[in-house]
Amino acid sequence: MPITLTLPDSSQRHYDAPVPIYKIAQDLSPSLAKCALAGKIKGRLVDTSFIVKENTAIQIITAQDEEGLEILRHSSAHLLAHAVKELFPEAQVTIGPVIENGFYYDFSCKTPFTSEQLSAIEKRMHEIVKRNLPIQRLEWSREKAIAFFKEIGEHYKAEIISAIPNNETLSLYQQGDFIDLCRGPHVPNTKFLKIFKLTKIAGAYWRGDSKNEMLQRIYGTAWTTKEDLEKYLTAQEEAEKRDHRKIAKALDLFHIQEEGPGMVFWHPQGLILYRILENYIREKLTAQGYQEIRTPQILDRSLWEKSGHWEKFHKDMFITESEKHVFAIKPMSCPAHIQVFNQGLKSYRDLPLRFAEFGCCHRNEPSGALHGILRTRAFTQDDGHVFCTEEQIQEEATRFIHLAQDIYNDFNFEDISIVLSTRPAIHVGTEEMWNKAEKALEDTLKQNHIPWKLAPGDGAFYGPKIGFEMKDCLGRSWGCGTLQLDFFMPERLGASYVAQDNTHKVPVMLHRAILGSLERFIGIIIEHYAGILPLWLAPVQTSILTITDKQAVFANEIHQKLQIAGLRTKIDLRNEKIGFKIREHTLQRVPFLLIIGEREASTQTISVRTLHGKDLGSMTTDAFCQLLLETVASKN
RNA sequence: GCUGGCGUAGCUCAGUAGGUAGAGCAGCUGAUUUGUAAUCAGCAGGUCGUGAGUUCGAAUCCCACCGCCAGCACCA
């Protein structure tokens, strides 16, 4: 039966009989055939050995295509498993997917891999590549596949097959003696796999469940060209220099020590940044009709029992006691905010009622989760709770999202992902409530044309949430802003208002934060700006550097003027060369350096040098003040 | 919490057939009065994470604990 194939440029090719992809590539051009990794028909990726039997659109995939690179990485994972099996026959293979920038493969083995073994494995991978092994697709029955993997002692593989639905075709891929279960597609030959590097070893639970065995995971990265690989590795090294823990040490912002794991000692410089953020948010919230409150740090166990936290989270709370009463140090402020709401009778006319608190919370996070100031055990939330009617949800959610976007804008964040998390397996409240709540959040996102990712089952036990996630220097995501709908806790803690019809109704509560935790947000912005904070955030905005001590009097006058103008200034009168002073203050990332020598003193001007070494020339102190104040106001 | 790695001066790091510690920077003292990213010299600085053990002798070897780093799990 003749078939007609449509190419990406809309041209057509005719064949008299079914034809494999590699043949089509050959017919198109020999050079294309040489680098063909796979084919794409009807949006589905297939091996080059795949035989096309019907009229269809077709595309040849090479390493230049995004999908081609993914296939390369996937095949690299198989190559890794192949090498491991040759070197460590007793290791069992499990899964080996593609991830951002590379791949990993999980192995079950008695002893973990060492870093020396990692290089040996990498070397073996290169050897296998040189063997030019064809990679062939096999389609076996379930019985045959299970029997095969059991026979060769690959029990995890057998288990994986058992979990695959009966109606699905089982495909396996063979390169030399190595056979792995895989959906495919794969590159046609191991010779295509050259540009890769194994990066790290780590433990990982089988099926991502901590109750299961811990497997040994090997991570690798793979690229189309050597240059891409080098570029990636250099970029990683550069990214590591942005680590907020390193920068904070260099800039003397804060420290954490053994006696207080996950708890921050803020130094003077760091606290300046902290306070700027706090006051900035305070102003924004006040403008949005929030009223700031402050609630106790520890509260009696009975309140946490009522709220449901004791049952669900008491292992994660710090507990203390006094006179036979057990108290929990608050892990969040919401139950306390309801207590404030409950004081006095509330009318529907009071709603929406917006409370804000810079609530210092303690959570006993697992030791392995702690990470600088991005994940701590003590942190301050820019917390807030909106009490409103069901009808007001949409409007309040929209107001919140606009506010969040407005604030993130001031920090020039471009890479924020928005995640909608829906009901978890264990949750309170009725399905009807959840349906309503999830829909309300989804509608808000839709109405505001905000793209989001869905995270099914990731919601809080009392309600669904919208999360704003930001990335750190190494691309790890951290939750910052959040909006959580709660139809449950107000009722549980006895909140009510008098409605228009004179009945008592339970308000809906919106939990919300924009920075999330001040600690985490500061960590994120340090990495985001690589420590070079914009003027409005810089702990020291300008340093005055004298050439000799003859200019001390004039320098002090300037210092005083700048301080009166509300600028954060340091003065360096040390008997050092100007180059030395410039270097030190530059390393401290001070945005503007004022050089004061005899010339300046005699003309009553200042010479301004930017952090990036640009000479702004001489100007009067007043002109400089104005320049800085304008820059601060613009948040640039 | 789990797996692996790591923990030496204020900071960055060196220090294995086990013989009781070293550099640079910072600090202090002195000299230098200097024009846009490191002036010179001298001095001082460490219970080698903590505890217990092996040994004539431990930063080094063994064990336990604490913390940090990476990943996993967790993240109200």
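Residues numbered from 1 in each chain as written. Chains lettered and ligands numbered in written order. Predicted model: local features only at pLDDT ≥ 70, side-chain atom pairs only at ≥ 80, totals over all residues. Heavy atoms only, no water.

Enquirer: Hey, could you go over the overall build of chain A for me, with residue numbers and the actual values?
Expert: Tallying secondary structure elements over chain A gives 20 helices and 35 strands in all. In terms of overall dimensions, chain A has a C-alpha envelope of 90 × 75 × 55 Å along the principal axes. Across the 636 residues in chain A, those meeting the buried criterion constitute 50%. The long-range share in chain A, meaning contacts at least 24 apart out of those at least 6 apart in sequence, stands at 68%. The distance from the centre of the 76 positive side-chain charges to the centre of the 81 negative ones in chain A is 2 Å. (Helix = DSSP H or I, 4+ residues; strand = E, 2+ residues; numbered from the N terminus. Buried < 20%, exposed > 50% of the residue type's maximum accessible area, 1.4 Å probe, protein only. Contact = heavy atoms within 4.5 Å. Lys, Arg positive; Asp, Glu negative; His and termini not counted. Charge placed at Lys NZ, Arg CZ, Asp CG, Glu CD.)

Enquirer: Account for the sheet that holds strand 1 (residues 3–6), with residues named and values stated.
Expert: Strand order across the open sheet formed by five strands is 2-1-7-4-5, with mixed pairing between neighbours. Edge strands, defined here as strands with exactly one partner in the open sheet, are strand 2 (12–15) and strand 5 (44–46). The sheet shows a mean angle of 35 degrees between the axes of neighbouring strands, taken without regard to direction. Where strand 4 (residues 38–41) lies against strand 5, three bridges are found, and the strand directions are antiparallel. Across the sheet, Gly39 pairs through a bridge with Val46, a residue of strand 5. In this fold helix 3 (residues 66–87) packs onto strand 4, strand 5 and strand 7 (56–61), with an angle of close to 60 degrees to the strand it touches most, strand 7. (Pairing = 2+ DSSP bridges. Axes fitted to C-alpha atoms, helices over the stretch in contact; angles between N-to-C directions.)

Enquirer: Please provide a residue-by-residue account of the sheet that holds strand 19 (residues 298–300), values included.
Expert: Across the sheet, three strands lie side by side as 19-21-20; this open sheet has antiparallel pairing. Strand pairing shows two members of the sheet lacking a second neighbour, strand 19 and strand 20 (319–322), which therefore form its edges. Between one strand axis and the next, the sheet turns by 35 degrees as a mean value, whatever way the strands run.

Enquirer: Would you mind going over the protein's contact with RNA strand B in detail, with residue names and values included?
Expert: In the region of RNA strand B, 56 residues are neighbours, and Tyr205, Ser367, Asn575, Arg583 and Glu600 sit closest. Sugar plus phosphate: this is where 53% of the atoms of RNA strand B within 4 Å of the protein reside. Within the contact set of RNA strand B, a phosphate oxygen lies 3.2 Å away from a side-chain nitrogen or oxygen of His371. Within the contact set of RNA strand B, a sugar or linking oxygen lies 2.8 Å away from a side-chain nitrogen or oxygen of Arg609. Contributing elements (two or more residues each) for the surface near RNA strand B: strand 14 (196–205), strand 15 (214–222), helix 8 (244–250), helix 11 (309–313), helix 18 (578–587), helix 19 (598–603) and strand 34 (606–610). Examining the composition of the surface near RNA strand B, we find that seven residues originate from one element, helix 18, more than from any other. (Near = heavy atom within 4 Å. Polar contact = N/O pair within 3.5 Å; in protein donor to acceptor, adjacent residues only side chain to side chain.)

Enquirer: I'd like to hear about the nonpolar core, residue by residue, with values.
Expert: Core analysis: the largest hydrophobic core is formed by 60 residues, its most contacted members being Leu277, Phe411, Ile466, Leu485, Phe521, Ile525 and Leu537. With residues up to four places along the chain from it excluded, the contact list for Ile466 reads Ile401, Ile418, Val419, Leu420, Leu441, Leu445, Gly481, Thr482 and Leu483. Core analysis: the second largest hydrophobic core is formed by 37 residues, Leu37, Ile61, Phe113 and Phe178 among them. (Core = buried A, V, L, I, M, F, W, Y, C linked by side-chain atoms within 4.5 Å.)

Enquirer: Requested: an account of the packing of aromatic side chains, with residues and values cited.
Expert: Both the distance between ring centres and the angle between the ring planes are used here to describe each pair of aromatic rings. For the structure shown, the criterion picks out 24 aromatic pairs. Taking 5.1 Å as the distance between ring centres and 70 degrees as the angle between the ring planes, the aromatic pair formed by Phe148 and Phe149 counts as edge-to-face. Given a relative accessible area of 1%, Phe149 falls into the buried group. An aromatic cluster of three or more residues is present, and its members are Tyr280, Phe411, Phe413, Phe521 and Trp536. The ring of Trp223 carries the charged tip of Arg73 above its face, separated from the ring centre by 4.5 Å. It is Lys200 that lies over the ring of Tyr219; its NZ or CZ is 5.2 Å from the centre. (Phe/Tyr/Trp six-rings, centres within 6.5 Å; stacked < 30°, edge-to-face > 60°. Lys NZ or Arg CZ within 6 Å of the ring centre and 35° of its normal.)

Enquirer: Residues and numbers for the side chain of Ser108, please.
Expert: The residue Ser108 is located in strand 10 (residues 102–108) in this model. Judged by relative accessible area, Ser108 falls into the buried class, the value being 8%. Separated by 3.1 Å, the side chains of Ser108 and Glu213 make a polar contact. Excluding anything up to four places from it in sequence, Ser108 contacts Glu90, Ala91, Gln92, Thr94, Tyr156, Glu213 and Leu215.

Enquirer: Residues and numbers for unusual backbone geometry, please.
Expert: With an omega of -5 degrees, the peptide bond between Gly184 and Pro185 qualifies as cis. Along the chain, Pro185 turns up in the loop between strand 13 (178–181) and strand 14. The linkage connecting Leu351 with the following residue, Pro352, adopts the cis geometry, with an omega of -5 degrees. Structurally, Pro352 is set in the loop between helix 12 (334–342) and strand 22 (353–362). Although it is not a glycine, Asp252 sits at a positive phi angle of roughly 60 degrees. Here Asp252 lies in the loop between helix 8 and strand 16 (254–255). With a phi close to 70 degrees, Lys324 is a non-glycine residue in the positive phi region.

Enquirer: Mind laying out the side chain of Asn448, listing which residues take part and the relevant values?
Expert: Residue position: Asn448 is located in the loop between helix 14 (431–447) and strand 25 (453–455). The class for Asn448 is buried, based on a relative accessible area of 17%. Among all residues touching Asn448, those that are not within four sequence positions of it are Thr398 and His402.

Enquirer: Which residues make up the environment of Gln339, and what values do they have?
Expert: Positionally, Gln339 belongs in helix 12. What makes Gln339 partly exposed here is its relative accessible area of 30%. Look past the residues within four positions of Gln339 in its chain and what remains in contact with it is Leu303 and Leu493.

Enquirer: Give me the environment of Phe148: which residues, what numbers.
Expert: With respect to the helices and strands, Phe148 occurs in helix 5 (residues 142–151). Measuring from C-alpha to C-alpha, the distance between Phe148 and Ala158 comes to 8.5 Å, with ten residues separating the pair along the chain. With residues up to four places along the chain from it excluded, the contact list for Phe148 reads Trp140 and Ile179.

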